[in-house]
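Structure at a glance
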Amino acid sequence: MKITIFYSSIHKTDGNTYVIIDEFAKGAKEAGAEVEVVLLAEKKINNCIACMKCWTKTPGKCSLKDDMAGLLEKFMQSDLVVMATPVYVHNVSGIMKTFLDRMMPIIDPHLVKMGNGYTGHRKTDADYPKFGVIATGGFPEQKCCEFISGYFNRIALDLYSQVIFEIYKGEAVLLKMDENPGLRSLLAEYKQNVRKAAKEVVENMKISADTTEKLDQPFIPEETYIELANQYWDSRIAHYQKS
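The structure contained in this document is the topic of the report that follows. (Residues numbered from 1 in each chain as written. Predicted model: local features only at pLDDT ≥ 70, side-chain atom pairs only at ≥ 80, totals over all residues. Heavy atoms only, no water.)

1. So, the nonpolar core
Membership of the largest hydrophobic core comes to 35 residues, with the highest contact counts inside it found for Ile-3, Ile-5, Phe-24, Phe-165 and Ile-167. Of all the secondary-structure elements, those providing two or more residues to this core are β1 (2-7), α1 (16-30), β2 (34-39), β3 (80-86), β7 (163-169) and α5 (181-204). When residues in this core are grouped by element, the largest group, 8 residues, is from α5. Ignoring any residue separated from it by four or fewer positions in sequence, one finds Phe-24 in contact with Ile-5, Val-82, Ile-134, Phe-165, Ile-167, Val-194, Ala-198 and Val-201. (Core = buried A, V, L, I, M, F, W, Y, C linked by side-chain atoms within 4.5 Å. Buried < 20%, exposed > 50% of the residue type's maximum accessible area, 1.4 Å probe, protein only. Helix = DSSP H or I, 4+ residues; strand = E, 2+ residues; numbered from the N terminus. Contact = heavy atoms within 4.5 Å.)

2. A closer look at the side chain of Ser-78
You can see Ser-78 is positioned in the loop between α2 (68-76) and β3. A distance of 2.6 Å separates the side chain of Ser-78 from the side chain of Thr-4, its partner in a polar contact. One polar contact links the side chain of Ser-78 to the main-chain carbonyl oxygen of Lys-74, over a distance of 2.7 Å. Not counting the four nearest positions on each side in its chain, Ser-78 is found in contact with Lys-2, Thr-4 and Pro-129. (Polar contact = N/O pair within 3.5 Å; in protein donor to acceptor, adjacent residues only side chain to side chain.)

3. Topic: the packing of aromatic side chains
We describe a pair of aromatic rings using the distance from one ring centre to the other and the angle between the two ring planes. This structure, assessed with the given rule, holds 9 aromatic pairs. Look at Phe-147 and Tyr-151: their rings are 6.3 Å apart centre to centre, the planes differ by 20°, and that puts the pair in the stacked class. Placement of both Phe-147 and Tyr-151 in helix α4 (residues 146-158) is noted, with a separation of 4 residues, approximately one turn of the helix. Overall, the relative accessible area of 48% leaves Phe-147 in the partly exposed class. Their ring planes at 50° and their centres at 5.6 Å tell us that Tyr-151 and Phe-152 sit as a pair that is tilted. Per residue, the accessibility class of Tyr-151 equals that of Phe-152, and both read buried. Through successive ring pairs, a cluster of aromatic residues spans Phe-6, Phe-75, Phe-99 and Phe-131. Seen from the ring of Tyr-118, Arg-154 lies directly overhead, with NZ or CZ sitting 4.1 Å from the centre. (Phe/Tyr/Trp six-rings, centres within 6.5 Å; stacked < 30°, edge-to-face > 60°. Lys NZ or Arg CZ within 6 Å of the ring centre and 35° of its normal.)

4. Some details on unusual backbone geometry
The backbone of Ala-50 sits at a positive phi, close to 55°, despite the residue not being glycine. Tracing the backbone shows Ala-50 in the loop between β2 and α2. Judged by relative accessible area, which is 46%, Ala-50 ranks as partly exposed. Positive phi values are uncommon outside glycine, yet Glu-171 reaches one of about 55°. Residue Glu-171 is classed as buried on the basis of its relative accessible area of 1%.

Here is the structure:
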């Protein structure tokens with residue numbers, strides 16, 4: 001299985017989401033998959049100018065000259081693409097949105113009625129990869145990622161594909177606090193469960209209900225997280241007011 005993870009944080013490998021990506025990639029490789037992590041922040045991806053030439057003048061080829069053609073090739077050559085993003089204003093990051101906007105060349109412009117009742121685009125001759133989604137948010141609830149879940153499930157359907165797994169994590173800032181004695185064992189266990197989830201995806205094309213339940217458990221109570229977060233922001237505000 002060839003897995004390509006498209007990761008859209010401006011913080012690259014220093015981002016909270018990357019903690020999950022790194023463990024997922026390790027678990028997938030241990031299960032025998034070929035895994036590539038693409039840091040979209042390192043790529044030149046211009047904004048779509050909606051010229052529609054990729055549908056008319058040069059079907060399948062964008063008029064913009066940047067890294068996107070190579071990224072679309074990686075996308076289409078994958079068995080599974082994992083779309084990984086931090087939550088920005090309840091949605092994907094701007095980098096991810098720009099990447100998705102530039103996927104028009106792999107879509108046929110002709111309209112059809114889809115099986116889900118919505119209008120979509122006619123299927124091309126190519127087979128699209130399956131989708132996985134990884135997202136992290138700064139709010140404590142897992143449902144901080146619910147818009148992203150609906151967004152990618154709809155995109156997958158439009159590409160005659162499906163989302164075969166989703167990993168979402170609230171309280172994401174805690175993912176990088178391994179040095180905290182109270183969190184160290186919780187984070188180690190979480191990372192092991194992410195690796196297990198990746199192995200299940202490679203072997204079974206899904207994450208088991210038991211593993212999903214473990215991944216969805218909060219690190220600390222929501223009330224405690226909110227209190228600590230507010231204390232942190234108060235301290236940062238005070239720091240700059242003194243400067």
